Every structure is written in structure tokens, then in C-alpha cells.
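# Understanding the architecture of this molecule
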Amino acid sequence: MTQLDITNVMLQSAIALLLVALIVLSLAKCKKCVLLYSLIFLQLDILLWTVFGIMQVFTLDKPEFLLFGYLKYLSICYAGYLFLMFSYIYTAKNLSKLKSRIIILGILPTLFYIGVLTNEWHHLFFKEFKFYGHTKYGILFVIETIVSYIYILIGFALLIMHIKKQPKNMRKQMIYIIIAFFCPFIINVLMVCGVIDYHDIDLTIVCFAFTMIFLTIAIWKYKLLNIIPIALVEI
């Protein structure tokens, strides 16, 4: 294992521990509600993304490397969708259509992940999934990335429109949420476009460390999970 691999594992392990701690504290201290569950699903998604990335570093043979790579893309395919659902639940005044929107909006991520699992038959998602090398992506990856970005941008739009309607004393928590998710989103865009390439370290995951810090502040200092009555209705 190279020094770069060790650095990569240490960074991702620290982020994984932050996520686990935040999930446990949220479940222990916050009232059980739809908003809390949507946030935890999003955190679990990032956690799995991180853990499977770590497992790839320790993998010594190609079949296991591919397995953890495919598992990691389960998290990647659903990340934008889960962020959109979190934003929708956070900002919605009425959650009566929540179940139908969960199903409808979840169709595309599910189809994309089916494309990942069946890639060996069509090579539309990965043209070449290399063992410790630069993966060559196909057209399906491009479409999935665009759809994920659209979901994330819609989520940001919902949050920004919501913040404008809030009293000044409640806007700080919204700003923390936007900053928390905007940083890794921008870094991911720059990485996918090839603008930045910091060796083999996934800077998107590194930025999630800052996401966890800002989310922690929003939850504990500004009571993120206690500001929207409709989201606090117990399931």
C-alpha cells in the first residue's frame, strides 16, 4: 500500500466515523420524524460510498475490486435522489404526495443502477472498469451524472426558495445546510469534468467531512430537525 493509499484511507475513515457518530447522535437525541429519516438515509448513502471506497483500496484482486466498485455506485446513483427527497421534505408544507414522489423520482436512479449491474453485457456505463487504473465511462454514466446534478440543483432551488420565506433569525440554519451540500457538489462537478484531478483521492468524499461539520452545527445549534411542524409528524 502506497503513502497515497494510506492518506486516502485515513481521510475516508475519519469521514466514516463522523457519519456514524452523527447518525447515532441524531437517532438518540432527535425526535423520530420523516425529516430525520430522510437525513439519515442520506447520511447512510454517503457512509456506504465512503466504506466501499475504503474496501477498494484494500482489495488485492480484480473480482473483489469490481464488486466493491459496483456497491459504491449504488450510493453514487442514489445520492442526488436522496438529497432531493431531503430538500423536498424539509421545505414542503404538505407531505400527502410524499410516497408517490418517492416512487416516481426513484425510478431513474434504479434504472441507472441496473445499468451498472448489467454493465458486463452492454458496457454503456463503464467502457472499461480498470483494476487500480483510470476507468473509462460510457454514455449511461454521462446521463446518470446529468440526472443526478439536476436532482441536486432542484434540491438547492427548493432550499433557496424556502430560505427567502423564513424570518431572519431562522436563515442561518438554512445557510449552513446549503453550504454543507454545495461544497462536495461543486468539487464533484469539477472532478467529473476533469478540471481537478488530485491523484487517486476522491475529493468529493473529503468535502463530505465539511458537510458533516456544517450539518452538525445546523442540527445541534440551530435545531435543524425542530423547525418544520409537518416534518415532525411521527410515522
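Look up: the structure comes first, before these words.
On to the pattern of salt bridges, then. In total, this model carries one salt bridge according to the counting rule given. One salt bridge in this structure joins Lys136 and Glu128, with 3.9 Å as the shortest N-O distance. Its relative accessible area of 45% is what places Lys136 among the partly exposed residues.

Applying the stated criterion across every chain, the model contains eleven aromatic pairs. A ring pair is formed by Phe52 and Phe68, whose centres lie 6.5 Å apart and whose planes are at 25°; its orientation type is stacked. Remark: Phe68 occurs in helix H3 (residues 62-91) and Phe52 occurs in helix H2 (residues 34-58); sequence separation between them is 16 residues. For the pair Phe52 and Phe68, a shared accessibility class is recorded, and that class is buried. For the pair Tyr78 and Tyr81, a centre-to-centre distance of 6.0 Å together with 70° between the ring planes defines the contact as edge-to-face. In this pair, Tyr78 and Tyr81 both sit in helix H3, three residues apart, roughly one turn of the helix.

This part is about H2. Note on helix geometry: an α-helix contains 3.6 residues per turn, so any two residues three or four positions apart are oriented the same way. In this model, H2 (25 residues) spans 36 Å end to end at C-alpha, consistent with the 36 Å of a helix rising 1.5 Å per residue. Burial runs high along H2: 18 of the 25 residues are buried.

Summed over the entire model, instances satisfying the criterion amount to one cavity of 30 Å³ or more. One number sums up the size of the largest cavity: a volume of about 30 Å³. Lining the largest cavity are Cys77, Gly80, Tyr81, Pro109, Phe112, Glu144, Val147, Ser148 and Tyr151. Of all the secondary-structure elements, those providing two or more residues to the lining of the largest cavity are H3, helix H5 (107-117) and helix H7 (139-164). Tallying contributions element by element places H7 first for the lining of the largest cavity, with four residues.

About the criteria used
Residues numbered from 1 in each chain as written. Predicted model: local features only at pLDDT ≥ 70, side-chain atom pairs only at ≥ 80, totals over all residues. Heavy atoms only, no water. Salt bridge = Lys/Arg side-chain N within 4 Å of Asp/Glu carboxyl O. Buried < 20%, exposed > 50% of the residue type's maximum accessible area, 1.4 Å probe, protein only. Phe/Tyr/Trp six-rings, centres within 6.5 Å; stacked < 30°, edge-to-face > 60°. Helix = DSSP H or I, 4+ residues; strand = E, 2+ residues; numbered from the N terminus. Expected span 1.5 Å × (residues − 1). 1 Å grid on protein atoms, 1.4 Å probe; cavity = no way out; pocket = protein on both sides within 12 Å on 5 of 7 lines; lining within 4 Å. Points joined across faces, edges and corners; volume = space filled by probe spheres on them.

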